[in-house]
Amino acid sequence: MAFTKSNPNVGNSFKTLKSDVQKTAKGSVSVGIGLKLIELLLRQKLFGTGLKGKPNTPLIVSYAVTRACNLRCLHCHVSARDAMANELNLKEAMQAIDEMALLGIEALIFSGGEPLLRKEFILALAEYCVDAGIIPAMLTNGVLINHKVAWELKDAGIMAVGIPLDSVIPESHDKLRNAAGTFEKAVKAVEACFDVDLEVVITTMALKDTFNDLPKRIDFIAKLGVDQVAVYDLVPVGRGKDVMDQAMNQTQRESLIRYLQQTQEDNEMVFTMSGGLPLYPEIASEMHKLNGTKPKDLLLKQFWINAPVGCHAGVLYFSLRPNGDVYPCTFLPVKVGNIREQSLTSIWRNSKVLNELRDRSLLKGKCGECEYIETCGGCRGRAYACTGDYLETDPVCLRDLLLKESVLPSKIKRFGWCVG
């Protein structure tokens, strides 16, 4: 890679590059991971982009290691409760990671259920990911994380953990999580991770009834020392179907996007939006340009994917289920194969469903007629949940906001990961 003196940011970027890499990769034993993190930081600091998307090549996978869970969250998109009888064993999971590496996957997000109910399994797979050159991270409800567990995760190579805080009011968080005391345990989990220098991303649900406490929630999260937040919009799958009346309305969604972008400027926090709103990074970036600012360089920003595809289900992302089933997305529960019956490569390349999702000319209704068809495509998971057809129109549309903020189709170059 050649650099010229005409770029004024190069010098400043290299001054902080070494310390940033050391902080992000502390504890990593893999040269491959180290080089990958250096590449990410270079791309982010010099060019303002994160992971580079390649056509029809999976970049990120979410792997639900178990359906078992110690909570019964009201909105759970997988209706987690008990373990499946035929969940993948360690050998099978490692073989899957080998295939992921061959496919070019950059990051693997462990989820569930509650992944820490298979803690030794997670620790072994995290180490295996590091050796394979894949960045491992984890989504958890935080209940089982103490200082010892946080250190074990850090030592195994987990680069970041996502921990939920769904309200600044403990009782409201506990109500959504359907168990008393979960707010306090989540806060303690965040503190335990910080004690061992393990990156934390707060995940938080944006719902109609708790919408007004979001500013206080973000302030509380910032005071905890967390500067990276993934905000989830409700997609009506799993138990989420039973609380769909709590989904934000369109006015709230647009207001939230504007608020998050302003907060990125005022507090130097970085956000992404999951649950079918992957274009937040591009919308926010255009708003930053108008104000002569830019988002802070943080790990979460490095996972703003540099590819103009919007909904990435089956395009740059898939979900591996506990029993080896493969879905296009965790919010699009359509089986496209099983790794016990086919190779991941065969599923990825030959699945009829995945190939249909990659062909935006097949989209129907308003999504099929929209000028943002290639760079947005709507949320295929929400379309399926609401209509039974993953090619139908997504009832949630940000077209008016995109036009209002002058985010034209030709300007869209990135999206935010949408995993659960």
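Residues numbered from 1 in each chain as written. Predicted model: local features only at pLDDT ≥ 70, side-chain atom pairs only at ≥ 80, totals over all residues. Heavy atoms only, no water.

Asker: Explain empty space enclosed by the protein to me, please; I cannot follow it from the model alone.
Answerer: Using a probe with the size of a water molecule, rolled over the atoms, empty space left in the structure can be pinpointed. Evaluation of the coordinates by the stated rule reveals five cavities of 30 Å³ or more. Along the wall of the largest cavity there are 30 residues; nearest its centre are H75, C76, H77, R177 and G420. Examining the composition of the lining of the largest cavity, we find that three residues originate from one element, strand β5 (residues 199-206), more than from any other. Considered class by class, the residues forming the lining of the largest cavity number 14 nonpolar, eleven polar and five charged. (1 Å grid on protein atoms, 1.4 Å probe; cavity = no way out; pocket = protein on both sides within 12 Å on 5 of 7 lines; lining within 4 Å. Points joined across faces, edges and corners; volume = space filled by probe spheres on them. Helix = DSSP H or I, 4+ residues; strand = E, 2+ residues; numbered from the N terminus. Nonpolar A, V, L, I, M, F, W, Y, C, P; charged D, E, K, R; others polar.)

Asker: Got a minute to help me understand helix α6 (residues 170-177) in this structure?
Answerer: Since one α-helical turn is 3.6 residues long, residues separated by three or four positions face the same way. Where α6 is concerned, the buried positions are H173, D174, L176 and R177. For α6, the buried positions fall inside an angular range of 160 degrees around the axis, keeping them on one side. Those residues of α6 that are exposed and aimed more than 90 degrees away from the buried face are E171 and K175. Where the residues of α6 are buried, they touch β4 (160-164), α7 (182-195) and β5. In the stretch just after α6, N178 is the one whose phi turns positive, near 65 degrees. (Buried < 20%, exposed > 50% of the residue type's maximum accessible area, 1.4 Å probe, protein only. Arc of directions from axis to C-beta. Contact = heavy atoms within 4.5 Å.)

Asker: What am I meant to see in the side chain of H312 here?
Answerer: By the element assignment, H312 lies in the loop between β8 (304-305) and β9 (317-320). Residue contacts for H312: discarding those within four places in its chain leaves P278, Y317, F415, G416, W417 and C418.

Asker: Can you help me understand the packing of helix α4 (residues 119-132) against helix α5 (residues 147-156) in this one?
Answerer: Two numbers describe how α4 lies on α5: the axes approach to 8 Å, and their chain directions differ by 25 degrees. By the criterion of interaxial angle, the relationship of α4 to α5 is roughly parallel. In this structure, α4 contributes K119, I122, L123, A126, E127 and V130 to the contact, and α5 contributes K148, V149, E152, L153 and A156. (Axes fitted to C-alpha atoms, helices over the stretch in contact; angles between N-to-C directions. Parallel < 35°, antiparallel > 145°, perpendicular 65-115°, else oblique.)

Asker: Can you walk me through the pattern of salt bridges in this structure?
Answerer: Once the charged atoms of two side chains with opposite charge are near each other, the side chains can pair. Counted under the stated rule, the structure contains 19 salt bridges. With its nearest N and O atoms 3.8 Å apart, the salt bridge here joins R118 to E87. Linking R118 in the loop between β2 (107-111) and α4 with E87 in the loop between β1 (60-64) and α3 (90-103), this pair joins segments that are 31 residues apart in sequence. As a salt-bridge pair, K119 and E152 come within 2.9 Å of each other at their nearest N and O atoms. Here K119 is found in helix α4, whereas its partner E152 is found in helix α5, with 33 residues between them in sequence. Exposure class is identical for K119 and E152. Each is buried. Among the charged side chains, a network of salt bridges with common partners joins K119, E120, K148 and E152. (Salt bridge = Lys/Arg side-chain N within 4 Å of Asp/Glu carboxyl O.)

Function cannot be read off these values alone, since they describe shape.
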